[in-house]
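What follows is each chain in one-letter form.
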Amino acid sequence: MRYRAEIFVTLKPVVNDPAGLTIRGGLHALGFESVTEVRAGKYLVLTLDESDAAQACARVDEMARQLLANAVIEDYRIELEPVGEPAAAGERSA
Amino acid sequence: MVFPGTWSDRDCAHAVLDVLQEPVRYIDHREQNVDGLELVILPGGFSYGDYLRCGAIARFAPVMEAVADFANRGGLVLGICNGFQILQEARLLPGALLRNASCEFRCEWVHLRVEQSNSAFTLDCRPGQVLRIPISHGEGNFFADPQTLDALERNGQVVFRYCAPDGRVTADSNPNGSVRNIAGISNAHGNVVGMMPHPERACEPLLGGSDGLAIFRSAIHALTRVAV
């Protein structure tokens, strides 16, 4: 099955986020004074072929731990959805 | 060590070869070993475009496995700026470097207080000595959780702190928001050091100062001592 995984990487709550603070300042300057906090992060989208959703989730989690997020400063959240069957083997070798 | 995007390799070679008259070899990121080397320098730059996170991709370069083995065997490793970021991503040094608190790239001379002279790169310094060395980075804001910080302090692994010219560690002298003004740290054995400031850019009076030489000279003396 082919899956689409979205990975949201954000700084841990205890880590200061200068970019988020700067964006908040910009929003306040524009008059959006109700904004009390902004946290900036990264958004990644992967497409992958795995046998089932559990396996896909486990693989993406491993990717996040090994590379996509730095556990010292970042948290991550994964959202996964099936997007259909991958191209058939015969099609690919053709 | 030269990764795609490394930019301070020639400056480091200049300091070691031209100024200190020690032999230098450029190590390509695709090499498989660092045999025969006594000191490995990971210079500053923007390895792999700093994509994802500074140093995150360089950690997987073929040569990094050899560097990790070298470091774990007690080999001397100095990571400067982006090299420091790479050593953290490779987990050879603790903590991480965040975006500067100002969100600005800072390129200026700073003062560093040497916190301890046990690391291989501060043997020639005395604790409390102030070095004047430039910084040049956008992401040098040192971060570690409180337990890690306390362990670093307790083990004497905090090597340099940003300070005023007279050595006082003040908020005003902190150029990037680093926690506890930390500018450089070592591993537990003191053979691996990472620092944001660029000692290779302060290696002769023509460049505006030569305080950075103390760091390279310390390493040379550490090697001589090991050899004896």
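Residues numbered from 1 in each chain as written. Chains lettered and ligands numbered in written order. Predicted model: local features only at pLDDT ≥ 70, side-chain atom pairs only at ≥ 80, totals over all residues.

Draft legend 1. Seen up close, the overall build of chain B. The number of helices and strands found in chain B is five helices and nine strands. Moving toward the C terminus, one meets the helices and strands of chain B in the order α-β-α-β-α-β-β-β-β-α-β-β-β-α. Taking the principal axes of the C-alpha coordinates as reference, chain B spans close to 45 × 40 × 35 Å. When each of the 228 residues of chain B is scored for burial, the buried share is 52%. Restricting to contacts in chain B with at least 6 residues of sequence separation, those with at least 24 account for 75%. (Helix = DSSP H or I, 4+ residues; strand = E, 2+ residues; numbered from the N terminus. Buried ≥ 20, exposed ≤ 12 C-beta atoms within 10 Å, placed from the backbone. Contact = placed C-beta atoms within 7 Å.)

Draft legend 2. Broad picture of unusual backbone geometry. All names here are of chain B. A positive phi angle, close to 60°, is found at Asp50, a residue other than glycine. Within the secondary structure layout, Asp50 lies in the loop between β1 (39-42) and α2 (62-72). At Leu52, a position not held by glycine, the phi torsion is positive, near 70°.

Draft legend 3. View of α2(B). Residue and element names in this part refer to chain B. Of all the positions in α2, only Val63, Met64, Val67, Phe70 and Ala71 are classed as buried. Burial along α2 is one-sided: seen end-on, the buried residues are contained in an arc of 115°. Turned more than 90 degrees from where α2 packs its buried face, Pro62 and Asp69 sit exposed. Summarising the contacts, the buried residues of α2 are in contact with β1, β2 (76-80) and β9 (192-195). Positive backbone phi, at 100°, marks Gly74, one or two positions downstream of α2. (Arc of directions from axis to C-beta.)

Draft legend 4. Region of the structure containing the sheet that holds strand β1 (residues 2-11) of chain A. Residues and elements named next belong to chain A. Reading across from one edge, β2-β1-β3 is the order of the three strands in this open sheet, with antiparallel pairing throughout. Pairing within the sheet leaves two strands with one partner each, and these edge strands are β2 (41-49) and β3 (74-84). Sheet twist, expressed as the mean angle between neighbouring strand axes with direction ignored, is 20°. Packing against the sheet, helix α2 (residues 53-68) makes contact with β1, β2 and β3, and its axis sits at approximately 145° to β3. (Pairing = 2+ DSSP bridges. Axes fitted to C-alpha atoms, helices over the stretch in contact; angles between N-to-C directions.)

Draft legend 5. Main features of the pairing of β9(B). All names here are of chain B. Taking every second residue as pointing to the same face, both faces of β9 are buried, with Val192 and Gly194 on one and Val193 and Met195 on the other. Relative to β9, strand β8 (residues 182-186) is paired through three bridges, and the arrangement is antiparallel. Residue pairing across strands places Ile185 opposite Gly194, the latter belonging to β9. With antiparallel pairing between neighbouring strands as the criterion, β8 and β9 make up a hairpin whose turn holds five residues, including Gly190 at a positive phi of roughly 80°.

Draft legend 6. Representation of the sheet that holds β1(B) in the model. Residues and elements named next belong to chain B. The strand order across the open sheet built from seven strands is β1-β2-β9-β8-β7-β4-β5, with neighbouring strands paired in mixed fashion. Only two strands of the sheet have a single partner each, and these edge strands are β1 and β5 (130-137). On average, adjacent strands in this sheet sit at an angle of 20° to one another, irrespective of strand direction. Pairing between β2 and β9: four bridges, direction parallel. Counterpart to Ile80 in the pairing with β9 is Met195.

Draft legend 7. Region of interest: the interface of chain A and chain B. Facing nine residues of chain A, the contacting portion of chain B comprises eleven residues. In terms of residues, the side of chain A that touches chain B owes the most to one element, helix α1 (residues 18-29) of chain A, which gives three residues. Here the residues of the side of chain A that touches chain B are counted per class, giving six nonpolar, three polar and no charged. (Nonpolar A, V, L, I, M, F, W, Y, C, P; charged D, E, K, R; others polar.)

Draft legend 8. Spotlight on helix α1 (residues 9-19) of chain B. Residue and element names in this part refer to chain B. Asp9, Cys12, Ala15 and Val16 are the residues of α1 that are buried. Buried positions in α1, seen along its axis, are confined to an arc of 135° and lie on one side of it. At the C-terminal side of α1, Gln21 shows a positive phi close to 60°.

Draft legend 9. Representation of the environment of Leu20(B) in the model. Residue and element names in this part refer to chain B. In this fold, Leu20 is placed in the loop between α1 and β1. With 15 C-beta atoms packed within 10 Å, Leu20 lands in the partly exposed category. C-alpha separation for the pair Leu20 and Gly209, spaced 189 residues apart in sequence, amounts to 15 Å. If sequence neighbours within four positions are ignored, Leu20 has contacts with Ala15, Phe216, Arg217 and Ile220.

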